[in-house]
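# Structural description and commentary
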Amino acid sequence: MAGSIQAGVRLSNMQQVTPKIAHMHIPKTAGTSIKSAFVAHYDLSRVCRAVLEPEFAEINPDDYDFFTGHIGFDLASQFGHPIVSVLRDPIDRFISVYYYWRQLYETENRRDPGIVAAHSLSLDEFAERFDESKLIQQFYNQMTWQFAGSFNLNDRRKRIELTQAEVLELAQANMQKCAVVGRKEDLPGFVSDCRKTLGIELDIDKLNVTAKRPHIDEVPLSTRRRIAQWVPLDLELYWSRLK
C-alpha cells in the first residue's frame, strides 16, 4: 500500500538522495531483513541504533536519517519522516513468535517469562495463557495497537476510554498516513511500492528466520481458533489491507 506521503526520488546535483525514513517494525514480519535492505542505502553513522520505544527517549531526530524499531505510530510520526511497515497474517505471526521463543530458549538460553512459557507449553496450551502481561503486550492485537499509537501496555491504558472499534478505526487511519505498508506474504509487492513511492530499490534476504515451525495449515483448526481470540482486531486490520 502506498499512502498519501509521496517521498519520490529527490535529486541533488543529478544524484539520487535517499529520503529519511522511519521503519515501524512489527515483530516477526521480516523486519530484520527489511532493516538490512534499507540500511544498505545509508551511511551507518546516520542509522539510529535504538530498537525499543524507551531507547528513543534521548534521540535527536536530526542526528539520523533512518529509524527502525519495535515502535508505535505515535513515536514513528515524531520523526517527521515517511513511515514504512509490514503486516503479517496475525495467526501465522502468533505461531511464528511462539516457535521463535522456543528457539531462543534452546539456542540462546533466554529465560524471559514468555520464552519459558513457550518452552513449557504446547502451542494449544500457550494460546490459552491469558494471565501473563508479557504475552498480552506481544500478542493481544499488537499490530492494531502499534498502528493506533503504541503496543506498550502503559500507553494502551492511556486510551482506555476507546472502544475496540475506535482503536481499529484509529489504526486504519494511521495506516493510511504511512508511505508504504506491505505484507510479509508479499514482500515483492512491498519492494515495488518502496521503489515507486520512495525511490529506493530494496534487495531483501531472509534473516532471523525461525528454524523449526509448522506451516499454518498444519496447525489444528481448534488451535487456530484459540489463537484468533488474541487477534480479532489484527485480523480486521490485516484483511482491510487486502481490500
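The preceding data block contains the structure.
This one's a predicted model, so the numbers in the text were calculated from it and none came from an experiment.

What follows covers the overall build of the protein. For the protein, the count of helices and strands is 12 helices and six strands. What you see for the protein is a C-alpha radius of gyration of 18 Å, in line with the 18 Å of a compact globule of 243 residues. Taking the principal axes of its C-alpha atoms as reference, the protein extends roughly 60 × 40 × 35 Å. Residues classed as buried in the protein amount to 51% of the 243 residues present. Counted over contacts in the protein with a minimum sequence separation of 6, partners at least 24 positions apart contribute 69%. Accessible area of the protein: about 11900 Å², with a carbon and sulfur share of 49%.

Another point: helix 3 (residues 90-107). The end-to-end C-alpha separation of helix 3 is 25 Å, in line with the 26 Å expected for 18 residues at 1.5 Å each. Of all 18 residues that make up helix 3, 15 are buried, and the element is covered over most of its length. Of the residues that open helix 3, the one with a side-chain oxygen 3.0 Å from the backbone nitrogen of I91 is D89. Following helix 3 by one or two positions, N109 adopts a phi angle in the positive range, close to 55 degrees.

One finds F56, L87, F147 and L237 to be the most contacted residues of the largest nonpolar core, which totals 29 residues. If you list the elements that add at least two residues to this core, you get strand 3 (21-24), helix 2 (73-78), strand 5 (83-87), helix 7 (142-148), helix 9 (164-177) and helix 12 (232-241). The residues touching L237, leaving out its near neighbours within four places in the chain, are L87, M143, T144, F147, L168, A171, Q172 and M175.

As a general point, the strands of a sheet are linked pairwise by backbone hydrogen bonds and lie either parallel or antiparallel. Taken together, the four strands give an open sheet; going across it, the order is 4-3-5-6, and neighbouring strands pair in parallel fashion. Lying at the two open borders of the sheet, with one neighbouring strand each, are strand 4 (66-69) and strand 6 (180-183). With direction set aside, neighbouring strand axes in the sheet form an average angle of 15 degrees. Relative to strand 6, strand 5 runs parallel, the two sharing four bridges. Within the sheet, the bridge partner assigned to S85 lies in strand 6 and is V181. Strand contacts of helix 12: strand 5 and strand 6, with the helix running at about 105 degrees to strand 6, the strand carrying the most contacts.

Note that L153 resides in helix 8 (residues 153-157). Sequence separation between L153 and E169 is 16 residues; the distance between their C-alpha atoms is 19 Å. Setting aside its immediate chain neighbours within four residues, L153 contacts S133, I136 and Q137.

Here strand 3 shows two buried faces, one formed by I21 and H23 and the other by A22 and M24. Where strand 3 lies against strand 4, four bridges are found, and the strand directions are parallel. Following the sheet pairing, H23 is matched in strand 4 by T68. Here three bridges tie strand 3 to strand 5, and the two strands are oriented parallel to one another. Looking across to strand 5, one finds that A22 is bridged to I83.

The next thing to look at is the environment of Q103. Within the element layout of this structure, Q103 appears in helix 3. Taking C-alpha positions, Q103 is 7.3 Å from T210, a pair spaced 107 residues apart along the chain. Not counting residues within four places of it along the chain, the set of residues in contact with Q103 comprises E108, V209, T210, A211 and K212.

Okay, the state of the cysteines next. Per the stated rule, a full pass over the model turns up zero disulfides. C178 takes part in no disulfide bond, and the closest cysteine sulfur to it belongs to C194, at a distance of 12 Å. On the accessibility criterion, C194 (0% relative accessible area) is buried.

Thresholds, definitions, all that
- Residues numbered from 1 in each chain as written.
- Predicted model: local features only at pLDDT ≥ 70, side-chain atom pairs only at ≥ 80, totals over all residues.
- Heavy atoms only, no water.
- Helix = DSSP H or I, 4+ residues; strand = E, 2+ residues; numbered from the N terminus.
- Rg over C-alpha atoms; globule rule 2.2 N^0.38 Å.
- Buried < 20%, exposed > 50% of the residue type's maximum accessible area, 1.4 Å probe, protein only.
- Contact = heavy atoms within 4.5 Å.
- Areas by Shrake-Rupley, 256 points an atom, 1.4 Å probe, with all protein chains shown as cover.
- Expected span 1.5 Å × (residues − 1).
- Polar contact = N/O pair within 3.5 Å; in protein donor to acceptor, adjacent residues only side chain to side chain.
- Core = buried A, V, L, I, M, F, W, Y, C linked by side-chain atoms within 4.5 Å.
- Pairing = 2+ DSSP bridges.
- Axes fitted to C-alpha atoms, helices over the stretch in contact; angles between N-to-C directions.
- Disulfide = S-S within 2.5 Å.

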